[in-house]
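Examination of the molecular architecture
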Amino acid sequence: MKTILFSCCALPLLLSNLAEAGINGTYKVRGTETEAGDKYSFSGSVKVASYLNGTYALKFSDGDSATYKFKFTKPLKETTASQTVTARNSIGTSTATFYSKSGKRWVKFSYKSLDGSVKGQGTGSK
């Protein structure tokens, strides 16, 4: 009975850790954006789903916020090796590098508007 009870309690915790350890999920990020010569810091999240889709949700130091959805040009792989992917949507392009360091998943990314007037970069982990 103790074994069954332990399995019922421990298995969900183990599975949640494995799910969180994967490439998909939400990364807490920080960075900077330059627009028309003005520089703003931001914090927020990058969410990756299905190895192919993502969302930037950023809050800027001037009080503005923005959410951008994107699709990678190729799907991410479930690996701890570093991998770089590009994305594009109707307002701009982005490059993101996913890697593992000290047992955590990290993302380093940059983006720019199609006309080049807005550029940003950031990094974060989950």
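Treat the numbers as computed from the prediction; the structure is a model and nothing was measured.

**A look at the environment of Asp62**
Within the secondary structure, Asp62 sits in the loop between strand 3 (53-60) and strand 4 (65-72). Linking Asp62 and Tyr40, residues 22 residues apart in sequence, is a C-alpha distance of 7.1 Å. Engagement of the side chain of Asp62 in a polar contact is seen with the backbone nitrogen of Asp64, the distance being 3.1 Å.

**Some details on the pairing of strand 2 (residues 38-49)**
In this structure, strand 1 (residues 25-35) lies alongside strand 2, joined through 11 bridges in antiparallel fashion. What sits directly across from Arg30, in strand 2, is Ser43. Linking strand 1 to strand 2, which pair antiparallel, is a turn of 2 residues; within it Ala36 sits at a positive phi near 50°. Pairing analysis gives 8 bridges linking strand 2 to strand 3, with the strands arranged antiparallel. By the bridge assignment for strand 3, Gly44 is matched with Leu58. Between strand 2 and strand 3, which pair antiparallel in sequence order, lie 3 residues; one of them, Ser50, sits at a positive phi of approximately 55°.

**Topic: the sheet that holds strand 1**
One closed barrel accounts for 8 strands, arranged 1-2-3-4-5-6-7-8; its pairing is antiparallel. Mean inter-strand twist for the sheet, computed between neighbouring axes without regard to direction, equals 25°. When strand 7 (residues 104-113) meets strand 8 (residues 118-125), the two strands line up antiparallel, connected through 7 bridges. Paired with Ser110 across the bridge in strand 8 is Gln121.

**Comments concerning the packing of aromatic side chains**
With the rule as written, the count across this model stands at 10 aromatic pairs. Centroid distance Tyr56 to Phe70: 4.8 Å. Interplanar angle 35°. Geometry classified as tilted. One end of the pair, Tyr56, is in strand 3; the other, Phe70, is in strand 4, and 14 residues separate them in sequence. The exposure classification of Tyr56 matches that of Phe70, with both residues buried. Ring plane angle 45° and centroid distance 6.0 Å describe the contact between Tyr56 and Tyr111, whose orientation is recorded as tilted. Of this pair, Tyr56 sits in strand 3 while Tyr111 sits in strand 7, placing them 55 residues apart in sequence. Each member of the pair, Tyr56 as well as Tyr111, carries the same accessibility label: buried. Pairwise contacts between aromatic rings join Tyr27, Phe42, Tyr56, Phe60, Phe70, Phe72, Phe98, Phe109 and Tyr111 into one cluster. Of note, Lys126 hangs over the ring of Tyr27, and the distance from its end group to the ring centre comes to 5.6 Å.

**Remarks on the side chain of Glu33**
Position of Glu33 relative to the elements: it lies in strand 1. For the buried Glu33, no salt bridge is present, and the opposite-charge side chain at shortest range is Lys39, 12 Å distant. Of the polar contacts made by the side chain of Glu33, one reaches the side chain of Tyr111; its length is 2.6 Å. Other than its neighbours up to four places away in sequence, Glu33 contacts Asp38, Lys39, Tyr40, Phe42, Phe60, Tyr111, Val118, Lys119 and Gly120.

Conventions and cut-offs
Residues numbered from 1 in each chain as written. Predicted model: local features only at pLDDT ≥ 70, side-chain atom pairs only at ≥ 80, totals over all residues. Heavy atoms only, no water. Helix = DSSP H or I, 4+ residues; strand = E, 2+ residues; numbered from the N terminus. Polar contact = N/O pair within 3.5 Å; in protein donor to acceptor, adjacent residues only side chain to side chain. Pairing = 2+ DSSP bridges. Axes fitted to C-alpha atoms, helices over the stretch in contact; angles between N-to-C directions. Phe/Tyr/Trp six-rings, centres within 6.5 Å; stacked < 30°, edge-to-face > 60°. Buried < 20%, exposed > 50% of the residue type's maximum accessible area, 1.4 Å probe, protein only. Lys NZ or Arg CZ within 6 Å of the ring centre and 35° of its normal. Lys, Arg positive; Asp, Glu negative; His and termini not counted. Salt bridge = Lys/Arg side-chain N within 4 Å of Asp/Glu carboxyl O. Contact = heavy atoms within 4.5 Å.

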